[in-house]
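# Overview (structure and organization)
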Amino acid sequence: MISQTAEYALRIIVYLASLEGKAATIAQIASATKTPQSYLSKILRNLAKGGLVQSQRGFHGGSTLTRPPKRMTVWDVIDVVDPLQRIRSCPLGLKSHGVLLCPLHRRLDEALAMVEAAFRATTIAEVIADPTPSGTGIPTAPASGLVSARVLRRGSTAR
């Protein structure tokens, strides 16, 4: 349903949110989120351009969220890195359809609209506060070492 890029971005945001304002280095984020470091840099740049993350270089540098997790939604993240493509006109280019979608494409777009609404309604704070029976999700990595983090739902698949 969502791309691998969006999945990585969500992992990154959830990880940073779990740090409660402490900065994390690229190495810490990559290790905790299982995101390749080279790709992580690109995603962080996109998240920064989208106003979700800020980064600071130097000895006490790292990345942090630009606003509290309760004011950031799953939609905000996905929309910055890889927006969902709604169906606005006939994908086949049939002039007879115009902007009126056929029953198949109308139903597909309705499903996408429901997914979009769910993403818009889910804050990052809700994601990290939601317990799961499978244990903790992404570990946090403060300067003193790795400790258990709050939750990122397991079983989420992205392709």
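Residues numbered from 1 in each chain as written. Predicted model: local features only at pLDDT ≥ 70, side-chain atom pairs only at ≥ 80, totals over all residues. Heavy atoms only, no water.

Turning our eyes to something else, we now look at the environment of Asn-46. Mapped onto the secondary structure, Asn-46 falls in helix α3 (residues 37–49). On the accessibility criterion, Asn-46 (24% relative accessible area) is partly exposed. (Helix = DSSP H or I, 4+ residues; strand = E, 2+ residues; numbered from the N terminus. Buried < 20%, exposed > 50% of the residue type's maximum accessible area, 1.4 Å probe, protein only.)

The next thing to look at is the environment of Ala-24. Here Ala-24 shows up in the loop between α1 (4–18) and α2 (26–33). Taking relative accessible area as the criterion, Ala-24 reaches 0% and is therefore assigned buried. Placed 36 residues apart in sequence, Ala-24 and His-60 show a C-alpha to C-alpha distance of 9.3 Å. Each residue touching Ala-24, except ones within four places of it in the same chain, is listed here: Tyr-15, Leu-16, Leu-19, Ile-29, Gly-62 and Ser-63. (Contact = heavy atoms within 4.5 Å.)

Let us look at the packing of α1 against α2. Across the interface, α1 lies against α2 with an axial gap of 10 Å and an inter-helix angle of 110°. As the angle between them shows, α1 and α2 are arranged roughly perpendicular. Two packed elements cross with a definite hand, and for α1 against α2 that hand is right-handed. Residue-level contacts link Arg-11, Ile-12, Tyr-15 and Leu-16 of α1 to Gln-28, Ile-29, Ala-32 and Thr-33 of α2. Taken together, the residues of the contact of α1 with α2 sort by class into five nonpolar, two polar and one charged. (Axes fitted to C-alpha atoms, helices over the stretch in contact; angles between N-to-C directions. Parallel < 35°, antiparallel > 145°, perpendicular 65-115°, else oblique. Left-handed = near helix turned anticlockwise from the far one by under 90°. Nonpolar A, V, L, I, M, F, W, Y, C, P; charged D, E, K, R; others polar.)

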